[in-house]
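# Observations on chain architecture
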Amino acid sequence: MSESIFDTPEKKIIYRHSVSHIMAQAVKSLFPDAKLGIGPAIENGFYYDFDTTHTFTPDDLEKIEKKMQEIIKSNLAFNRKETSKEEARKLFESRNEIYKAELIDELEDGVISIYEQGDFVDLCRGPHLSSTGEVKAFKLLNVAGAYWRGDEKRPMLQRIYGTAFDTKEALDNYLKMLEEAAKRDHRKLGRELDLFSVHEAIGAGLALYHPKGATLRFTIENFLKDEHLKRGYQFVISPHIMKSDIWKISGHYQMEYPMYFFEIEGQEYGIKPMNCPAHILVYKNEPRSYRDLPMRFFELGTVYRHERSGVLHGLLRVRGFTQDDAHIFCTPEQVDSEIVNVLDFAFTMLKTFGFDEYEIMLSTRPEKYVGTPENWEKATNALKQALDHHKINYEVDPGEGVFYGPKIDIKLKDALGRIWQGPTIQVDFNLPERFDMVYWEKDNIQYRPVMIHRTVLGSMERFIGVLTEHYGGAFPLWLSPVQIMVIPIADRHIDYANQIVEKFKENGFKVECDARAESVNKKIRNAQTQKIPYMCIVGDNEASSQTLAVRDRSGKDRRDVKIDEFLSELQKEVSEKK
RNA sequence: GCCGGUGUAGCUCAACAGGUAGAGCAGCUGACUUGUAAUCAGCAGGUUGUCCGUUCAAUUCGGAUCGCCGGCUCCA
């Protein structure tokens, strides 16, 4: 056993949870009317929810921090007490803690533990530190609204977030890490690297790709298309608007899916939020035999969804986005192998793009569902087996499947560790039914095909956003929108620089020439801040010997490099996608 | 959508307690022709997000609205 109070994940939780109690005590002493919500430890910190008529300001956070310091200084013991449910209820009701009383009501009968430090009492399972004086370093970070019990129909409380460490240095390092992460924010890099923009005049959640952003996207899309062809997918293309009739068949209309609707000559149309109905109609366009299956239809399908204004976030959450969408129609027997293949596809893609950190969730049958329990069981098992087949660690998210089928979600992290859903594999029993899809078996009987919805990147927008943060804007050569910057030292070297540029272009590289009448230092600095992988600086030496001076973005500098040798190096690097 | 914050030049930021806006970078012009992270000088650039209100006077105060930021809820 270690003496440290902060060296395992469990101990960190105890420590931070204790700090959240100290914060709650401080808040109660400064704002006695504040009612307590819940106050758990979370990854990298803690929070506590309060219901009070006072609105917390940044100044308040400082005051609360001061109070917390006092509490820590007075080294109050955390005392555990056990009591009955009724006693506990009485206690918290007498203190006007209606939220705690509600929590107690939902606890099972029996012993209930409460924790006290000084005059502060909290319903809590514990455990805690032994006394407040053990806390060495903490900081309150921000205040945000949060619905009581995460239910938007219930009151909104004020949540104060904070973090705590066992040393001042560790706290400072964490705060510094947050600052560094903010520099990798794709919204900041998107502007600095001239990748994309959003405009109030165009609308929230609607991104414009600039030439460099579009180049990056095309590179990814071209690669995606090739990979899909290799894996037996066929391309389809569908329109952006479709009559409401089809959204009634699919059910989006009745379930009030957040779509945009409008009218043309008295006929109502909806802008597609999904591509599936179109793909289904391609399938249904003629009779299908078991010999045709599986059919895999792929589309870079641009969809629009009315996302609520408060959820929009750079490229990571937008209202118009392009999914790398495909629908696989197969026989029940083919489901297993199709899922294995899709998972393999998704992981191969993530690996290619350098992602090694992601979370995988298997979402099972929700309360409201269509299809038979047997089919759900079968599909869920197919998903499980595919995960096991790839020896993948995953978590089960019980009841979080879509109403039409279970799914596997792969979640990617942004620079700050926030989680965004990327690739998804969903088994669907609903739409084949609603659209009355069939195929003819050997026995000349019609059967219902199984449908699998899947993306391997998620959406181009979200993927590019996460990818930008992942690389901090320094994309590997094959993805870089500008791969090489040629920098002539003086005007007399521009001709040679242009020859070099042509040579690179002929070989399929994305190259620019900085022929401005600026200093070499400035041009290098510029290319450097643009995170361009290679700079070719050319002056008298290079022009006379037909060579290059190559500087890479790590700052390494090589002289007298032969052009053809450099070209083949570049080609190798691109083909390796490193 | 909800809670809180915020909105000044293309970008990053100034402008004491209301007195009608300033810098650096970027841009343009000129000079310099440069050897591995910012050459110098000049010029230009804003009805302070928008609308309404309070006031002799609003970037500054109040309201509404739009956008953005942090959360919550919801999702690729």
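Within each chain, residues carry numbers counting from 1 in the order of the written sequence. In the order they appear in the text, chains get letters beginning with A and ligands get numbers beginning with 1. This being a predicted model, a pLDDT of at least 70 is required before a residue's local features are given, and a value of 80 or more before pairs of side-chain atoms are given or counted; all residues contribute to the totals for chains, interfaces and linings.

## A few points about the nonpolar core
What tends to happen in soluble globular proteins is that the nonpolar side chains get buried as a cluster. Our working rule: Each nonpolar core consists of buried Ala, Val, Leu, Ile, Met, Phe, Trp, Tyr and Cys residues. Their C-beta atoms, within 7 Å, join them into a set. Burial in this document is a count-based property: other C-beta atoms within 10 Å of a residue's C-beta are tallied, and the residue is buried at 20 or more, exposed at 12 or fewer, or partly exposed in between, with C-beta positions derived from the backbone. A run of DSSP states H or I qualifies as a helix once it reaches four residues; a run of E qualifies as a strand once it reaches two. Both are numbered from the N-terminal end. By definition, residues are in contact whenever their C-beta atoms, placed on the basis of the backbone, come within 7 Å of each other.
In terms of nonpolar packing, the biggest core is built from 61 residues, with Ile-339, Val-342, Ala-346, Met-349, Leu-383 and Ile-452 touching the most fellow members. Considering every element that reaches this core, the biggest residue donor is helix α10 (residues 335–352), with eight residues. Leaving out residues up to four positions away in the same chain, Ala-346 has contacts with Ile-410, Pro-423 and Val-456. Judged by nonpolar contacts, the second largest core, of 40 residues, contains Ala-34, Ile-71, Ile-104 and Phe-138.

## Considering the sheet that holds strand β25 (residues 511–513)
Going by this rule: Any two strands are treated as partners once DSSP identifies two or more bridges connecting them. Between the N-to-C directions of two axes lies an angle of 0 to 180 degrees, each axis being a line fitted to C-alpha atoms and, for a helix, fitted only over the stretch in contact.
One open sheet holds the five strands; their spatial order is β25-β24-β26-β27-β28, and the pairing between them is mixed. The open sheet has two free edges, formed respectively by β25 and β28 (557–562), since each of these has just one partner strand. Neighbouring strand axes in the sheet, compared pairwise and without regard to direction, differ in orientation by 25° on average. When strand β26 (residues 534–538) meets strand β27 (residues 547–552), the two strands line up antiparallel, connected through four bridges. Its bridge partner lying in β27, Tyr-534 is registered against Asp-552. Along the sheet, helix α15 (residues 520–529) contacts β24 (484–488), β26 and β27; its crossing angle with β24, the most-contacted strand, is approximately 175°. Its contacts with the sheet put helix α17 (residues 563–576) on β27 and β28, and the angle it makes with β28 is roughly 115°.

## Here we look at helix α4 (residues 98–106)
The test is simple: The arc refers to the directions leading from the helix axis to the C-beta atoms.
When we look at burial in α4, the residues that qualify are Tyr-99, Lys-100 and Ile-104. Looking straight down α4, one finds its buried side chains confined to an arc of 140°; they lie on one side. In α4, the exposed positions angled more than 90 degrees off the buried face are occupied by Asp-105 and Glu-106. In this structure, the buried residues of α4 make contact with β1 (35–36), β3 (45–51), α3 (85–94), β5 (112–117) and β6 (120–123).

## Topic: the packing of α10 against helix α11 (residues 373–389)
Let me state the cut-off plainly: Angles below 35 degrees are treated as roughly parallel, those above 145 as roughly antiparallel, those between 65 and 115 as roughly perpendicular, and all remaining angles as oblique. Handedness of a helix crossing follows the sense of rotation of the near helix relative to the far helix, less than a right angle counterclockwise being left-handed and clockwise being right-handed. For this scheme, ten residues count as nonpolar: Ala, Val, Leu, Ile, Met, Phe, Trp, Tyr, Cys and Pro. Four count as charged, namely Asp, Glu, Lys and Arg, and the remainder, Gly too, count as polar.
In the contact formed by α10 and α11, the axes pass within 9 Å of each other and the chain directions differ by 45°. When the axis of α10 is compared with that of α11, the two are oblique. Along this stretch, α10 crosses α11, giving a crossing that reads as right-handed. Contacts between α10 and α11 involve Val-335, Asp-336, Ile-339, Val-340 and Leu-343 from the former and Ala-379, Ala-382, Leu-383, Gln-385, Ala-386 and His-389 from the latter. Among the residues making up the contact of α10 with α11, the classes are represented as eight nonpolar, two polar and one charged.

## Quick look at the sheet that holds strand β14 (residues 267–271)
Paired through backbone hydrogen bonds, the strands of a sheet run either parallel or antiparallel to each other. Taken together, three strands build an open sheet; the order of strands is β12-β14-β13 and the sheet is antiparallel. With partners counted over all chains shown, the strands left at the sheet margins are β12 (241–243) and β13 (260–264), one partner each. Across the sheet, the mean angle separating the axes of adjacent strands is 35° when strand polarity is ignored. By the bridge criterion, five bridges tie β13 to β14 in an arrangement that is antiparallel. Each bridged residue has a counterpart across the sheet, and for Phe-261 the counterpart in β14 is Gly-270.

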